[in-house]
Amino acid sequence: VFIISFLSIAWKVSSFFLVEIPADKGVLTEGVIGTPRFINPILAISDADRDMVALIYSGLMRADNKGGLIPDLAEKFTISDDGLIYTFTLKPNLVWPDGNPLTSDDIVFTVEKTKDPVVKSPKRGGWEGVNIEKIDDNSLRFVLEKPYASFLENATIGILPKHVWNNVSIDQISSSNLNVMPLGSGPYQINKISRNPGGIITSYELTANKKFSLGKPHIKKFILRFYPSEKELINAYLRGEIESISAVTPQTLEKIKKNSQTIKTISLPRAFGVFFNQNNAKVFTQKDVRQALDVSVDRKKIISEVLRGFGTELFHPLPPGTLGALMEQEESNFSAEAAKAILEKNGWIKNEEKGILEKKIKGEIFQLSFSVSTSDAPELKQTAELLKEMWEGIGAKVDVKIFEAGDLNQNVIRPRKYDSLLFGQITGRDPDLFVFWHSSQRNDPGLNIALYANIRADKILEETRSERDSESRREKYQEFQAEVENDIPAIFLFSPKFVYLIPSNLGGMEQTQSIIAPPERFSMVHNWYKETDKVWKIFAK
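Thresholds, definitions, all that
- Residues numbered from 1 in each chain as written.
- Predicted model: local features only at pLDDT ≥ 70, side-chain atom pairs only at ≥ 80, totals over all residues.
- Heavy atoms only, no water.
- Helix = DSSP H or I, 4+ residues; strand = E, 2+ residues; numbered from the N terminus.
- Rg over C-alpha atoms; globule rule 2.2 N^0.38 Å.
- Buried < 20%, exposed > 50% of the residue type's maximum accessible area, 1.4 Å probe, protein only.
- Lys, Arg positive; Asp, Glu negative; His and termini not counted.
- Charge placed at Lys NZ, Arg CZ, Asp CG, Glu CD.
- Core = buried A, V, L, I, M, F, W, Y, C linked by side-chain atoms within 4.5 Å.
- Contact = heavy atoms within 4.5 Å.
- Axes fitted to C-alpha atoms, helices over the stretch in contact; angles between N-to-C directions.
- Parallel < 35°, antiparallel > 145°, perpendicular 65-115°, else oblique.
- Left-handed = near helix turned anticlockwise from the far one by under 90°.
- Nonpolar A, V, L, I, M, F, W, Y, C, P; charged D, E, K, R; others polar.
- Pairing = 2+ DSSP bridges.
- Arc of directions from axis to C-beta.
- Phe/Tyr/Trp six-rings, centres within 6.5 Å; stacked < 30°, edge-to-face > 60°.
- Lys NZ or Arg CZ within 6 Å of the ring centre and 35° of its normal.

Moving on: the overall build of the protein chain. Looking only at helices and strands, one finds 14 helices and 23 strands in the protein chain. Radius of gyration (C-alpha) of the protein chain: 26 Å, near the 24 Å computed for a compact globule of 541 residues. Across its three principal directions, the C-alpha atoms of the protein chain cover 95 × 65 × 55 Å. Across the 541 residues of the protein chain, 50% fall into the buried class. Of the side-chain charges in the protein chain, 68 are positive and 70 negative, and the distance between the mean point of each set is 4 Å.

Ranked by internal contacts, the top residues of the largest apolar core, which has 67 residues, are Leu60, Phe88, Ile107, Phe142, Phe222 and Trp528. Take this core: its biggest share by element is six residues, from helix 2 (residues 47-56). Ignoring sequence-local partners within four residues, the contact set of Ile107 consists of Leu60, Leu90, Leu102, Ile132, Leu140, Phe142 and Ile159. With 39 residues, the next largest nonpolar core counts Ile302, Val306, Phe370 and Leu380 among its residues.

This brings us to the packing of helix 13 (residues 455-466) against helix 14 (residues 470-487). With their axes 9 Å apart at the nearest point, helix 13 and helix 14 run at an angle of 160° to one another. In terms of orientation, helix 13 lies roughly antiparallel with respect to helix 14. Judged by the twist between their axes, the crossing of helix 13 over helix 14 is left-handed. Between helix 13 and helix 14, the residues in contact are Arg456, Ala457, Ile460, Leu461, Glu463 and Thr464 and Arg473, Lys476, Tyr477, Glu479, Phe480 and Glu483, respectively. Here the residues of the contact of helix 13 with helix 14 are counted per class, giving five nonpolar, one polar and six charged.

Attention now goes to the packing of helix 7 (residues 287-295) against helix 9 (residues 336-345). Two elements in contact, helix 7 and helix 9, have axes separated by 8 Å at closest approach and are oriented at 170°. One finds that helix 7 runs roughly antiparallel with respect to helix 9. Where helix 7 approaches helix 9, its residues Asp288, Val289, Gln291, Ala292 and Val295 are matched on the opposing element by Ala338, Ala339, Ile342 and Leu343. Among the residues forming the contact of helix 7 with helix 9, the class breakdown is seven nonpolar, one polar and one charged.

With that settled, consider the sheet that holds strand 5 (residues 74-79). If you walk across this open sheet you meet the four strands as 5-6-8-7, and the pairing is antiparallel. The open sheet has two edge strands with one neighbour each: strand 5 and strand 7 (130-136). In this sheet, neighbouring strand axes are inclined to one another by 20° on average, regardless of whether the strands run parallel or antiparallel. Here strand 6 (residues 85-90) runs beside strand 8 (residues 139-144); their pairing, made up of five bridges, is antiparallel. Bridge pairing in strand 8 places Tyr86 opposite Phe142. Packing against the sheet, helix 3 (residues 104-115) makes contact with strand 6, strand 7 and strand 8, and its axis sits at approximately 165° to strand 7.

Attention now moves to helix 9. Of the residues making up helix 9, those classed as buried are Ala339, Ile342 and Leu343. Projection of helix 9 onto a plane perpendicular to its axis shows the buried side chains occupying an angular sector of 95°, all on one side. Along helix 9, exposed side chains directed more than 90 degrees from the buried face belong to Glu337, Glu344 and Lys345. Lining the buried residues of helix 9 we find helix 7 and strand 17 (356-361). The first or second residue beyond helix 9 is Gly347, which carries a positive phi of 90°.

According to the stated counting rule, one finds 22 aromatic pairs in the structure shown. Centroid distance Phe275 to Trp437: 6.0 Å. Interplanar angle 40°. Geometry classified as tilted. Of the two residues, Phe275 is situated in strand 14 (residues 270-276) and Trp437 in helix 12 (residues 434-437); the sequence distance between them amounts to 162 residues. Across the pair, Trp437 and Phe275 agree in class, each one buried. A centroid spacing of 6.4 Å and a plane angle of 50° characterise the contact between Tyr500 and Trp528, whose relative ring orientation is tilted. Here Tyr500 is found in strand 22 (residues 490-503), whereas its partner Trp528 is found in the loop between strand 22 and strand 23 (532-536), with 28 residues between them in sequence. The exposure class assigned to Tyr500 is buried, which follows from its relative accessible area of 0%. Sitting over the face of the ring of Tyr500, Arg521 holds its NZ or CZ atom 5.2 Å from the ring centroid.

Next up, the structure:
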């Protein structure tokens, strides 16, 4: 009795001083649609590429998954009073997984290759007007030609090891085998590559990088498996080959969720809407038409039926949670009857023979007839059909045109060959709306897909781009959105949630609240864990 009592008391006392901490062990297996081809931060183009880059590479800065940035390879940085010079100091004793020192030479090398037109990096545009200078092995500076308040986002670019890539000629960078067998300084490094009989990569087995600047990841092994389609991804999940998946439709997710899984929803700063091309469809030059089409959209129905609730109604260019976002209306102003009244008041009369509204303007008959172009993504196709139904309900004739993503970008968006475009804009953590809305960006490669031109809006965007004070930028963005609301160059529909199916025993993701793109879900992957240990409080980190 004495021994049992003593052991019981000792156990209770010990338990009082014990705390649970993440254990450095466990395996996580995730499925991804697509096959990586450029696991290279300056060349990555697909989600599969970018997922791998996020796990393999580090930048000077890193997203904190709370809407901000934290130093990664950098120990500290300073910004000059005029906003033109960013000086970075690296953390001491940084090394690559192969033991070579990581210095400012690697950062200079990466940026110079990104800027080189021969490389054709998708990130090149963000580095125009930026010069990089090495101060010493542990520090460097970026000198901007013009102030750019969102420049710190550039500093998240993954850094290439100069000692590995230096022997690859500039014209061979895109074809180098290093793009599929990379060396990075991120949380994980490649341990094993699996291929099918045709030589196509089917999986990467990654192991924790002990030398990662933010600390060794808790999950010892991370396996990414690749599948050519959502159907094969889902079948693999149902067979138990993988534990976590993303990039699947909400409808599919409802059917496959298991009790052992958790649905994690994360905010994405994306604005989906219908952008009008008034040059291609003259009917959109009439403001009353744009206003009626806006009023007739039932956003709640789209979010309910298409996104299964994983989204937020949107009425302005900036989605909720981003700098300058306006407080959205509590209730949508949707009303088909109000839309019909607007058109009737402005002289639109139904052509009984054709069954659509028309109006005579300066001797020309305008018909309320137009097309909506979008990609073959299931959610966008379904949204387009719902919009067609809503707009035809008020007297319009709508033709939905569906394109494969590459075809849409190359042959529709770039030459601006559409009446209206159902599309999404990634506004980013610290938004720069200049590229999406300034009149100078109306033609390719600009991203002003509404071909919006407003002198006052241009001036606001120019001022905002160079304004460093957050509160001033917030006020200017709200002024800009008031201009857009008055002009109605587009109809904003929704901001989606990123839906991530993960094992219920996966910890460390509680703080993941906001990302700007799906691969950024891995930004704080070093904090994830699947198992825990109990240690005395004095030994807990």
